[in-house]
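Each chain, written out:
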Amino acid sequence: AIDLKPNYSYAYNDRASAKKKLGDIDGAIKDYEAAVRANPKLTFAHNNLGSAKKSKGDFEGAIQAYTEAIKLKRDYYIAFNNRGSAKFDAGRYEDAIKDFTEAINIKNDYAFAYNNRAAVYIKQEKWKEAIADAEKAIKLDPNYGAAYLNRAIAYEMLREIGKCCADFLKAAELGIESADTYYNYGFCSDYEKYKK
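Residue indices begin from 1 for each chain and proceed along its sequence in written order. It should be noted that, the model being predicted, local features are given only for residues of pLDDT at least 70 and side-chain atom pairs only at 80 or more, the latter also being counted only at that level, while totals for whole chains, interfaces and linings use all residues. Where side-chain values are given, they derive from all heavy atoms of the structure, hydrogens and water being excluded.

**Student:** In this structure, what is going on with the overall build of the protein chain? I would like to understand it.
**Tutor:** Check the secondary structure of the protein chain and you find 12 helices and zero strands. Taken from N to C terminus, the helices and strands of the protein chain fall in the order α-α-α-α-α-α-α-α-α-α-α-α. If you line up the protein chain on its principal axes, its C-alpha atoms span 70 × 30 × 25 Å. Scored against the burial criterion, the 196 residues of the protein chain give a buried share of 45%. Residue pairs in contact within the protein chain that sit at least 24 positions apart in sequence constitute 44% of those at least 6 positions apart. Total accessible area computed for the protein chain in this model is approximately 10600 Å², and 48% of it derives from carbon and sulfur atoms. When charges are counted, Lys and Arg are positive and Asp and Glu negative, with His and the chain ends excluded. Note that the charge is assigned to NZ on lysines, CZ on arginines, CG on aspartates and CD on glutamates. Here the protein chain carries 32 positive and 29 negative side-chain charges, and the mean point of each set is 4 Å from the other. Secondary structure elements follow DSSP: runs of H or I no shorter than four residues count as helices, runs of E no shorter than two count as strands, and numbering proceeds from the N terminus. Per-residue accessibility, obtained with a 1.4 Å probe over protein chains only, is compared with the maximum for each type, and a residue is labelled buried under 20%, exposed over 50%, and partly exposed between these values. We call two residues in contact when some of their heavy atoms are within 4.5 Å. Note on areas: these come from Shrake-Rupley sampling with a 1.4 Å probe, and a residue is covered only by the protein chains present in the view.

As structure tokens, then:
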């Protein structure tokens, strides 16, 4: 398709996505960049470029790409959430919270943004805020294992051991491998005595 139409932005974007699936992140980045050069208004290509750069550890490059997507579409809640994740990985926690909050303001039933904001609150040792956001994510998606994991971590820090172990167990049941490790280590091995 690109041979027939060298500025075919959609084809560059789709080829980039295929390369990313195959693990060719550098090739994906080049094709996403070609897509946005061919069509600077292709919002999802900017967003995809950000995700490819984030997977390479280029957090600032990712933030820049997500920002371009947001400039083109101010209600692009996925790009706000993704930019927040890149800022989180870059250690810019307050900025990450702003982006996750903006994603939630645009789409208040977006479980991913609630859980991602919970992860930031955990880093900031704001345990009650983390629990509240993880609970919102779980209410929106009862099978969201990562949200149970985040809530478990916050409960552990508040020494609410029964709730903590129950959430580790639920997260493990939902396929979160690290939760299984947590559950089988230390105090959760005595979980039965904490059950009510």
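**Student:** What should I look at first to understand the environment of Cys-188 in this one?
**Tutor:** By the secondary structure assignment, Cys-188 is in the loop between helix 11 (177–183) and helix 12 (191–194). Considering only alpha carbons, one finds Cys-188 and Glu-102, 86 residues apart in sequence, at a separation of 36 Å. With sequence-adjacent residues up to four places away left out, Cys-188 is seen in contact with Cys-165, Phe-168, Tyr-182 and Tyr-183.

**Student:** Whenever I open this one, the packing of aromatic side chains confuses me. Can you help?
**Tutor:** Each aromatic ring pair is described using two quantities: the centre-to-centre distance and the angle formed by the ring planes. Stacked, tilted and edge-to-face pairs are distinguished by plane angle, under 30 degrees for stacked and over 60 for edge-to-face with tilted covering the rest, among Phe, Tyr and Trp rings (Trp via its six-membered ring) whose centres lie within 6.5 Å. Counted under the stated rule, the structure contains five aromatic pairs. Ring centres of Phe-88 and Tyr-93 lie 5.6 Å apart, and the angle between their planes is 50°; this geometry places the pair in the tilted category. The interplanar angle of 75° and the centroid separation of 5.9 Å between the aromatic rings of Tyr-110 and Phe-112 together place this pair among those described as edge-to-face. Looking at Phe-112, the relative accessible area reads 46%, which means it is partly exposed. Of the aromatic side chains, those joined through ring pairs into one cluster are Tyr-77, Tyr-110, Phe-112 and Tyr-144.

**Student:** Explanation requested: the nonpolar core in the structure shown.
**Tutor:** Side-chain atoms within 4.5 Å are what join buried Ala, Val, Leu, Ile, Met, Phe, Trp, Tyr and Cys residues into a set we call a nonpolar core. Counting residues in each nonpolar core, the largest one holds 38 residues, and the members touching the most others are Ala-137, Leu-149 and Phe-168. Counting residues per element, the ones that place at least two in this core are helix 4 (59–72), helix 5 (77–89), helix 6 (93–106), helix 7 (111–123), helix 8 (127–140), helix 9 (145–157), helix 10 (161–173) and helix 11. No other element matches helix 9, which puts seven residues into this core. Setting aside residues no more than four positions away along its own chain, Ala-137 makes contact with Ala-111, Tyr-114, Asn-115, Tyr-144 and Ala-147.

**Student:** What am I meant to see in the pattern of salt bridges here?
**Tutor:** Note on pairing: side chains with opposite charge can pair once their charged atoms come close. Counted as salt bridges are all cases of a side-chain nitrogen of Lys or Arg within 4 Å of a carboxyl oxygen of Asp or Glu. The final tally for this structure, using the stated rule, is 15 salt bridges. A salt bridge links Asp-31 to Arg-15; the nearest nitrogen and oxygen atoms lie 2.6 Å apart. With Asp-31 in helix 2 (residues 25–38) and Arg-15 in helix 1 (residues 9–21), this pair connects stretches of sequence that are 16 residues apart. A relative accessible area of 37% means that Arg-15 is categorised as partly exposed.

**Student:** Could you clarify how one ought to interpret the packing of helix 2 against helix 3 (residues 43–55) in this entry?
**Tutor:** Axes are the key here: two packed helices are described by the angle between their axes and the distance separating the axes. Only the stretch in contact is used when fitting a helix axis, every axis being a line fitted to C-alpha atoms; angles between N-to-C directions are given from 0 to 180 degrees. At a minimum axis separation of 9 Å, helix 2 and helix 3 run at an interaxial angle of 155°. When the axes of helix 2 and helix 3 are compared, the pair comes out roughly antiparallel. Here helix 2 runs over helix 3; the crossing is left-handed. Of the residues in helix 3, those touching helix 2 at Ile-25, Ile-29, Tyr-32, Glu-33, Ala-35 and Val-36 are Ala-45, His-46, Asn-48, Leu-49, Ala-52, Lys-53 and Ser-55. Roughly parallel means an angle under 35 degrees; roughly antiparallel means over 145; roughly perpendicular covers 65 to 115; every other angle is labelled oblique. The handedness criterion is simple: a crossing whose near helix is rotated anticlockwise from the far helix by less than a right angle is left-handed, and one whose near helix is rotated clockwise is right-handed.

**Student:** Which parts of the structure should I look at to understand helix 6?
**Tutor:** Because each turn of an α-helix spans 3.6 residues, side chains separated by three or four positions end up pointing in the same direction. Helix span, as expected, comes to 1.5 Å for every residue beyond the first. End to end, helix 6 covers 20 Å across 14 residues, agreeing with the expected 20 Å (1.5 Å per residue, within 8%). For helix 6, the set of buried residues is Ala-96, Ile-97, Asp-99, Phe-100, Ala-103 and Ile-104. Buried residues of helix 6, viewed axially, fall in a sector of 165°; they line one side. The exposed set on the far side of helix 6, more than 90 degrees from its buried face, consists of Lys-98 and Asn-105. In this description, one arc is meant: the one made by directions from the helix axis to the C-beta atoms.

**Student:** How should the environment of Ala-111 be read in this particular structure?
**Tutor:** The topology assignment puts Ala-111 in helix 7. The class of Ala-111 is buried, set by a relative accessible area of 11%. Residues within four places of Ala-111 in sequence aside, it is in contact with Ala-137, Leu-140, Asp-141 and Tyr-144.

Worth remembering: the numbers are spatial, not functional.
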